[in-house]
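Read off the chains here:
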Amino acid sequence: MTSPSLHGRRAARPTRSRRRLARGARPALGVLAMAAAGGMMLATSLPALAVTATSEEPTASVYAPVVDEISAKPQRLEVDESVTAAPVAVDEYTAIAAPPPIASSVAGLGVVELVRTGAIVWPVINPSRISDGFGPRANPCAGCSATHDGVDFLPGVGTPVMTIADGVVVKATENGGGLGVNVEVQHNIDGELITSSYAHLQYGSMTVSVGDQVAAGQQLGRVGTTGQSTGPHLHLEMFGTDGVRFDGMAWLHERLG
Ligand SMILES: [Zn+2]
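Here the structure is a predicted model, which is why all the values come from computation and not from measurement.

1. Notes on the packing of aromatic side chains
Counted under the stated rule, the structure contains one aromatic pair. Ring plane angle 45 degrees and centroid distance 6.4 Å describe the contact between Phe246 and Trp251, whose orientation is recorded as tilted. The exposure class of Phe246 is partly exposed, given its relative accessible area of 22%. Residue class for Trp251 comes out buried when judged on its relative accessible area of 10%. Here the guanidinium or amino end of Arg245 rests over the ring plane of Phe239, the centre of that ring lying 3.8 Å away.

Here is the structure:
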């Protein structure tokens, strides 16, 4: 019964005890198959086999060949050469530092991070109707500035005034001095902090408040003639972080054609 060749002769001599052995051997062969397939059960399976053999058959040594066979085949992890040979291509990408966020300080509301945008729209319909461009000019009225800080659009009284880009409202007042009813919006235009200011709006026409997030084209108010104004028009001023006004009409034409 201890012969290593028992398995080979089992089928040829089907005695009762042999059949029982054969039944008992099936799990062992199954485990062997799993182990041969690269299974990880070798260590945990062997004690179970020993217990089974002892409890069911006093001649537990019949499993000895199985044990020997398994232990003779140490488990190995076969790894293809190509896997380890492939180098990590660390030089095929470039780390680009994220630009600092553009933030707007809103009075009483703290700092608001501005969503970057490149989408620009005209502040009024019929934007080609202007009365006064940016720059030096003859004083239109007593106390009016000799240098025009903005562009005057003439779309008609009561015409909706819209923000030229996404942004946050940083000023919304009906007491803007010479600017009259005045709304200011700050934008992150392609990574640059730009402010647009809309003046001389009608009293009671403002549809936004300080701190409001606005989308390009969203209405802010209506064209009026409040403040230092000689007639209904939209006075649009634009400036960067230095506060120096630049030609909003040229800037808009550059982006809108
Ligand atoms: Zn003006």
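2. Thoughts on unusual backbone geometry
For Asn126, which is not glycine, the phi dihedral falls at a positive 50 degrees. Tracing the backbone shows Asn126 in the loop between β3 (116-117) and β4 (130-132). Phi is positive for Asp190, which is not a glycine, with a value near 50 degrees. Within the secondary structure layout, Asp190 lies in the loop between β10 (181-189) and β11 (192-201).

3. Overview of the pattern of salt bridges
For the structure on display, the rule yields three salt bridges. Here Arg245 ties to Glu237 by a salt bridge, and the two come within 2.8 Å at their closest N and O atoms. Looking at Glu237, the relative accessible area reads 6%, which means it is buried. Note that Arg255 and Glu254 form a salt bridge whose closest N and O atoms lie 3.7 Å from each other. Residue Glu254 is classed as exposed on the basis of its relative accessible area, which comes to 64%.

4. Re the nonpolar core
Ranked by internal contacts, the top residues of the largest apolar core, which has 26 residues, are Phe153, Tyr198, Leu234 and Leu252. In terms of residue count, the dominant contributor to this core is β10 (four residues). Once residues within four sequence positions are removed from consideration, Phe153 is found in contact with Trp122, Pro123, Val124, Pro127, Arg129, Ile130, His233, Leu234, Leu236, Met249 and Leu252. With seven residues, the next largest nonpolar core counts Ile102, Leu114, Val168 and Val170 among its residues.

Thresholds applied
- Residues numbered from 1 in each chain as written.
- Predicted model: local features only at pLDDT ≥ 70, side-chain atom pairs only at ≥ 80, totals over all residues.
- Heavy atoms only, no water.
- Phe/Tyr/Trp six-rings, centres within 6.5 Å; stacked < 30°, edge-to-face > 60°.
- Buried < 20%, exposed > 50% of the residue type's maximum accessible area, 1.4 Å probe, protein only.
- Lys NZ or Arg CZ within 6 Å of the ring centre and 35° of its normal.
- Helix = DSSP H or I, 4+ residues; strand = E, 2+ residues; numbered from the N terminus.
- Salt bridge = Lys/Arg side-chain N within 4 Å of Asp/Glu carboxyl O.
- Core = buried A, V, L, I, M, F, W, Y, C linked by side-chain atoms within 4.5 Å.
- Contact = heavy atoms within 4.5 Å.

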